[in-house]
Amino acid sequence: MSSKKNKKLTPVQQEYQKFAQKREPKRPAFTNCLKAFLVGGTICTIGQGLQWMFIKYFGFTETTAGNPTVATLIIISVLLTGFGVYDHMAQWAGAGTAVPVTGFANTVSSAAIEHRSEGYVLGVGANMYKVAGPVITYGVFSAFIIALIKIIIMELGGI
Amino acid sequence: MLKGHQTWVFQSKPTIIASAVAGGPFEADGALAEDFDILHADVWLGQDSFEKAERKLLEEASQRAIDKAGMKKEDVNFFLSGDLMNQITPSSFAARTIGAPYLGVFGACSSSMEGLALASLMVDTGFANNALAAASSHNAAAEKQFRYPTEYGAQKPPTAQWTVTGAGAALVSREGKGGPRVTCATIGRIIDMGISDPFNMGAAMAPAAVDTIEAHFRDLNIDPSYYDLIATGDLGAVGHRIAGDLLIEHGFKIPTEILTDCGLLIYREEQPVLAGGSGCACSATVTYGHFMNRMKKGDFKRILVVATGALLSPMSYQQKDSIPCIAHAVAIEMD
């Protein structure tokens, strides 16, 4: 716990939190990392397999095969979310299912399913990006900043 | 009658003439399935939203309790109910169906015993002949409101708990023969130990449970061995352990075999509920189902149920506030 957070707590609260922490099960960080590596790696390997398939049998090039590969993974992820399987896989896999593109598809589809009861506009439409929204916002924002930096460097005669 | 600082002693000992509990599929697969009056195979209960499903559970449990008492809705003077949803909508909408004069209560997961304590107070003072106390929670509705979409793949830590899908109702009456009687209730105060992690409710609520338990025995000046069972509401494995150790540290000797937690009883060990069950329905279904049945069988003569509640909102959590907690204790005894 950060010292900044600790400052707000009274001595009694601090003492209790130490007392409680000793009795709480810890997140198994090492096994979680290992599982995330295995599952995340497996998803990426499937992606690689799909890419080869699209190049070999469907006449895509290495550059153009990216789109159908990602689309296939997204469809699989959305289906698994809809069938109620993805969240169970994720409890075991942790970051392994969260980080790849499948995790992103899961955040969007799960929010869309969840808020279907409030209608298509105020429910699905308004809440679909509830979990994924911050990723898009800050993704676009950081891409903008990076682009600015690149332009400035190029204008100054770099690269 | 007020005794000590915060305990009500009900001199007429109002009787719980009937109680009923309803549950979902996960509860049907749990350790106490036999104690449920109504079990559903579908979390939707044939409704088009989780919120409506929760309302239906509450209506069913309340109606069944009234039926079991051989009464009609009109015989219920007051209906007291609480749940976890915003503006306690399942309770208010169920009250619309029941049609009895209604008071909504909110004490988060402690609503079950808050309602029972108030219903008993009404009956004891003569302000009601029959008062119905109920509480409900729905796993998916609670997840939706407080955490993430149900199908979202977020890994939960081992301290997280599983919200019970269910509802429990108890009909408290002036006239009753030989049923379990409500003898006293200790109203808890807010305890906030600065814990702000909503995936660690057990640790947040344990001090509130300990505070109320200590107040109960201090006010009544009795020994914990007076009870055959002292059950906290939904501390789960983590909170139960902390509460037990905290009581020992405060020099309070409660035999380990009589101190239990509803959140540890309701599910089987193999079910993936992490630290255990939680939610208003956790203490409501275990108390009004399992404990009532065992008291009638003669397994317990006197029990103390200490329902614990974490009074946070999704807003307060996002604004980095800590979690204020509360616990209300109600003593139920057989003649």
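Bear in mind that the values here come from a model prediction, so they are computed numbers and not experimental data.

### Points about the overall build of chain B
Here's step 1: If you tally the helices and strands in chain B, you get 10 helices and 15 strands.
Here's step 2: Its C-alpha atoms give chain B a radius of gyration of 18 Å, near enough to 20 Å, the size a compact globule of 335 residues would have.
Here's step 3: Looking at the 335 residues of chain B, the share that counts as buried comes to 64%.
Here's step 4: Contacts in chain B between residues at least 24 apart in sequence constitute 78% of all its contacts with a sequence separation of at least 6.

### Let's talk about the layout of surface pockets
Here's step 1: In this model, the largest pocket occupies a volume close to 990 Å³.
Here's step 2: When residues of the lining of the largest pocket are traced back to their parent elements, those giving at least two are helix H4 (66–82), helix H5 (86–93) and helix H7 (101–114) of chain A together with helix H5 (139–146) of chain B.
Here's step 3: By residue number, the principal contributor to the lining of the largest pocket is H5 of chain B, which donates 4 residues.
Here's step 4: Tallied by class, the residues present in the lining of the largest pocket amount to 16 nonpolar, 12 polar and 8 charged.

### Some remarks on the nonpolar core
Here's step 1: Grouped together as the largest cluster of nonpolar side chains are 90 residues, with contacts concentrated most on Tyr16 of chain A together with Leu116, Ile230 and Phe291 of chain B.
Here's step 2: Counting residues per element, this core draws most heavily on helix H6 (residues 201–220) of chain B, which supplies 11 residues.
Here's step 3: In this structure, this core is formed jointly by two domains, domain 1 (15–173) and domain 2 (181–333) of chain B, each of which donates at least three residues.
Here's step 4: Non-local contacts of Tyr16 of chain A, meaning those with residues more than four positions away in its chain, are made with Met193, Ile195, Ala203, Ala206, Pro207, Ile242 and Leu246 of chain B.
Here's step 5: If you look at the next biggest cluster of nonpolar residues, it comprises 22 residues, including Ala22, Leu57, Ala65 and Ile98 of chain B.

### Observations regarding the pattern of salt bridges
If charged atoms from side chains of opposite charge come close, those side chains can pair.
Residues and elements named next belong to chain B.
Here's step 1: Scanning the entire structure with this criterion turns up 14 salt bridges over all chains.
Here's step 2: With a closest N to O distance of 2.9 Å, Asp48 and Lys52 form a salt bridge.
Here's step 3: The exposure class assigned to Lys52 is partly exposed, which follows from its relative accessible area of 31%.
Here's step 4: For Glu270, the salt bridge goes to Arg268, with nearest N and O atoms at 2.6 Å.

### Some points on helix H3 (residues 29–58) of chain A
Residues and elements named next belong to chain A.
Here's step 1: The terminal C-alpha atoms of H3, which comprises 30 residues, lie 42 Å apart, in line with the 44 Å expected from a rise of 1.5 Å per residue.
Here's step 2: On its buried face, H3 is in contact with H4, H5, helix H6 (95–98) and H7.
Here's step 3: Just downstream of H3, Gly59 is the residue with a positive phi angle, here 70°.

### Considering the interface of chain A and chain B
Size of an interface, as often reported, equals the accessible area lost when the parts are brought together.
Here's step 1: Across the boundary between the two partners, chain A contributes 33 residues, which contact 34 residues of chain B.
Here's step 2: Summing both partners gives a buried area of about 2800 Å² for chain A against chain B, and 56% of it is carried by carbon and sulfur.
Here's step 3: Three residues stand out in chain A for area buried against chain B, namely Tyr16, Arg23 and Glu114 of chain A, and they jointly supply 24% of the buried area on that side.
Here's step 4: Remark: the boundary between chain A and chain B carries 2 salt bridges.
Here's step 5: Measuring nitrogen to oxygen at the nearest pair gives 2.8 Å for the salt bridge that ties Lys144 of chain B to Glu118 of chain A.

### Description of the domain arrangement of chain A
Here's step 1: Domain annotation of chain A identifies domain 1 (28–128) and domain 2 (132–159).
Here's step 2: The C-alpha centroid of domain 2 of chain A is placed 26 Å from the C-alpha centroid of domain 1 of chain A.

### Brief notes about the packing of aromatic side chains
Here's step 1: Within the structure shown, the criterion is met by 13 aromatic pairs over all chains.
Here's step 2: Ring geometry for Phe54 of chain A and Phe58 of chain A: centres 5.6 Å apart, planes at 50°, overall tilted. Here Phe54 of chain A and its partner Phe58 of chain A are both found in helix H3, 4 residues apart, which amounts to about one turn of the helix.
Here's step 3: Residue classification places Phe54 of chain A among the buried residues on the basis of a relative accessible area of 11%.
Here's step 4: Judged by its relative accessible area of 51%, Phe58 of chain A is exposed.
Here's step 5: An aromatic cluster is defined as three or more aromatic residues linked by ring pairs; in this entry it consists of Phe217, Tyr226, Tyr227 and Phe252 of chain B.
Here's step 6: It is Arg23 of chain A that lies over the ring of Phe19 of chain A; its NZ or CZ is 3.7 Å from the centre.
Here's step 7: Over the face of the ring belonging to Tyr226 of chain B we find Arg302 of chain B, whose NZ or CZ atom lies 4.1 Å from the ring centre.

Parameters and conventions
Residues numbered from 1 in each chain as written. Chains lettered and ligands numbered in written order. Predicted model: local features only at pLDDT ≥ 70, side-chain atom pairs only at ≥ 80, totals over all residues. Heavy atoms only, no water. Helix = DSSP H or I, 4+ residues; strand = E, 2+ residues; numbered from the N terminus. Rg over C-alpha atoms; globule rule 2.2 N^0.38 Å. Buried < 20%, exposed > 50% of the residue type's maximum accessible area, 1.4 Å probe, protein only. Contact = heavy atoms within 4.5 Å. 1 Å grid on protein atoms, 1.4 Å probe; cavity = no way out; pocket = protein on both sides within 12 Å on 5 of 7 lines; lining within 4 Å. Points joined across faces, edges and corners; volume = space filled by probe spheres on them. Nonpolar A, V, L, I, M, F, W, Y, C, P; charged D, E, K, R; others polar. Core = buried A, V, L, I, M, F, W, Y, C linked by side-chain atoms within 4.5 Å. Domains from an automatic or database assignment. Salt bridge = Lys/Arg side-chain N within 4 Å of Asp/Glu carboxyl O. Expected span 1.5 Å × (residues − 1). Buried area = accessible area lost by both parts, 1.4 Å probe. Phe/Tyr/Trp six-rings, centres within 6.5 Å; stacked < 30°, edge-to-face > 60°. Lys NZ or Arg CZ within 6 Å of the ring centre and 35° of its normal.

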